[in-house]
Amino acid sequence: MTNKILFIANWKMFGDLESLKSIESVIKLTKKKTYTKAKVIYCPPFTLLSSFVNKTKKSKVNVGSQDCHFEKDNGPFTGSISSSMVKKIGAEYVIIGHSEKRIEGDSNEKINKKIHNAISNNLKVIFCIGENLYEKNNKKTNYVIKKQINSGLKKIKKIDKIIFAYEPVWSIGTGKVLNNNKLEKQILYIKKYLKKKFRKQNTQIIYGGSVNNKNIDNLKQIAGINGFLIGGASQNSKKFIDIIKKTII
Ligand code: 13P
């Protein structure tokens, strides 16, 4: 658990060895005194995990994986990597339950297994929750979020290693964001629900969905947000730095 403002870069299926150089300016920024309030975590594709770990070794920037397998540490699971592999490579975080993985078949039950597995391998979990457009239009947002939390965190008692990322699916990559009032209300609803469910343990909630260097001035004013999970805008270091600077200063 940290009281720093989190800036988590989800590079999704983008990036190669050349793009690694672009993170140097971000690393440099985080070394400045003013920015010690910021915590930057890069989640590149699997192919770049090791290079990112090496590149960020002497800095305060952390690295996370975008997913992990739900079963074991090793096994006949073609195309997958396990949380123990992620840990062994030197990454410290893992995104679990991203809507782009849910669409590919990650059920709440699978997500629950992944979370147990990741925590037992000492990784911190960035747990994504959020409603899709149909659910939003049918006023099912809170129902869906509660279900994702209850099933995804089944038999989880401590949430100090979990960062909750509220990412409305309809907002990802669309440029559409809830207005501040509505978003603040939603974040506070989740916070309150978690406080009740997990008996007053501290919670960390970040927001994701079309965060950019233009709407950040607005978004940073929302009470209760501990940071941001950023897709598209995080792949451009200039924009990413802009987001960090505008939030911190
Ligand atoms: P965008 O910032 O591109 O909307 O993506 C958000 C996201 O999915 C981060 O996990």
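Residues numbered from 1 in each chain as written. Predicted model: local features only at pLDDT ≥ 70, side-chain atom pairs only at ≥ 80, totals over all residues. Heavy atoms only, no water.

A.B. asks: Mind showing me how you'd approach the overall build of the chain here?
C.D. replies: Each helix and strand in the chain was counted, giving 10 helices and eight strands. At 17 Å, the chain has a C-alpha radius of gyration in line with the 18 Å of a compact globule built from 249 residues. Relative to its full complement of 249 residues, the chain shows a buried share of 51%. Accessible surface, the chain as shown: approximately 12700 Å² in total, 52% of it carbon and sulfur. (Helix = DSSP H or I, 4+ residues; strand = E, 2+ residues; numbered from the N terminus. Rg over C-alpha atoms; globule rule 2.2 N^0.38 Å. Buried < 20%, exposed > 50% of the residue type's maximum accessible area, 1.4 Å probe, protein only. Areas by Shrake-Rupley, 256 points an atom, 1.4 Å probe, with all protein chains shown as cover.)

A.B. asks: Sorry if this is basic, but what is going on with helix α8 (residues 180-197) here?
C.D. replies: The α-helix winds at 3.6 residues per turn, so residues separated by three or four positions along the chain end up facing the same way. Helix length check: α8, at 18 residues, gives a terminal C-alpha distance of 25 Å against a target of 26 Å (1.5 Å per residue), a fit within 8%. Of all the residues in α8, the buried ones are L183, Q186, I187, I190, K191, Y193 and L194. Burial along α8 is one-sided: seen end-on, the buried residues are contained in an arc of 165°. Along α8, the residues that are exposed and aim more than 90 degrees away from the buried face are N181, K182, K185, K192 and K196. Against the buried residues of α8 lie β5 (124-129), α7 (141-152), β6 (162-166), β7 (205-208) and α9 (216-219). Within two residues after α8, R199 carries a phi angle of roughly 45°, on the positive side. (Expected span 1.5 Å × (residues − 1). Arc of directions from axis to C-beta. Contact = heavy atoms within 4.5 Å.)

A.B. asks: What should I look at first to understand the site of the ligand in this one?
C.D. replies: Close to the ligand lie N10, K12, H98, E167, I172, G173, G209, S210, L229, G231 and G232. A distance of 2.9 Å separates an oxygen atom of the ligand from a polar atom in the side chain of E167. Within the complex, the protein chains bury 94% of what would otherwise be the 310 Å² of accessible surface of the ligand. (Near = heavy atom within 4 Å. Polar contact = N/O pair within 3.5 Å; in protein donor to acceptor, adjacent residues only side chain to side chain.)

A.B. asks: Any chance you could explain the environment of N54 here in plain terms?
C.D. replies: Tracing the backbone through its elements, the reader meets N54 in helix α2 (residues 49-56). Each C-alpha atom, one on N54 and one on K101, is 27 Å from the other, the two residues being 47 residues apart in sequence.

A.B. asks: Is there a simple way to explain the sheet that holds β6 in this structure?
C.D. replies: Hydrogen bonds between backbone atoms are what pair the strands of a sheet, whose relative direction is either parallel or antiparallel. Spatially, eight strands are ordered β1-β2-β3-β4-β5-β6-β7-β8 in a closed barrel, and the strand pairing comes out parallel. In this sheet, adjacent strand axes meet at a mean angle of 25° when their direction is disregarded. Alignment of strand β3 (residues 62-65) against strand β4 (residues 93-96), held across two bridges, turns out to be parallel. Across the sheet, G64 pairs through a bridge with Y93, a residue of β4. Together, β1 (5-10), β2 (38-43) and β8 (227-230) form the strand contacts of helix α10 (residues 237-248), whose direction differs from that of β1 by roughly 165°. (Pairing = 2+ DSSP bridges. Axes fitted to C-alpha atoms, helices over the stretch in contact; angles between N-to-C directions.)

A.B. asks: Whenever I open this one, empty space enclosed by the protein confuses me. Can you help?
C.D. replies: To locate leftover empty space, one rolls a probe as large as a water molecule over the atoms. For the coordinates displayed, the defined rule picks out one cavity of 30 Å³ or more. The calculated volume of the largest cavity comes to roughly 50 Å³. Lining of the largest cavity is provided by G97, H98, S99, R102, C128, I129, G130, Q148, E167, V169 and I172. Taken together, the residues of the lining of the largest cavity sort by class into four nonpolar, five polar and two charged. (1 Å grid on protein atoms, 1.4 Å probe; cavity = no way out; pocket = protein on both sides within 12 Å on 5 of 7 lines; lining within 4 Å. Points joined across faces, edges and corners; volume = space filled by probe spheres on them. Nonpolar A, V, L, I, M, F, W, Y, C, P; charged D, E, K, R; others polar.)

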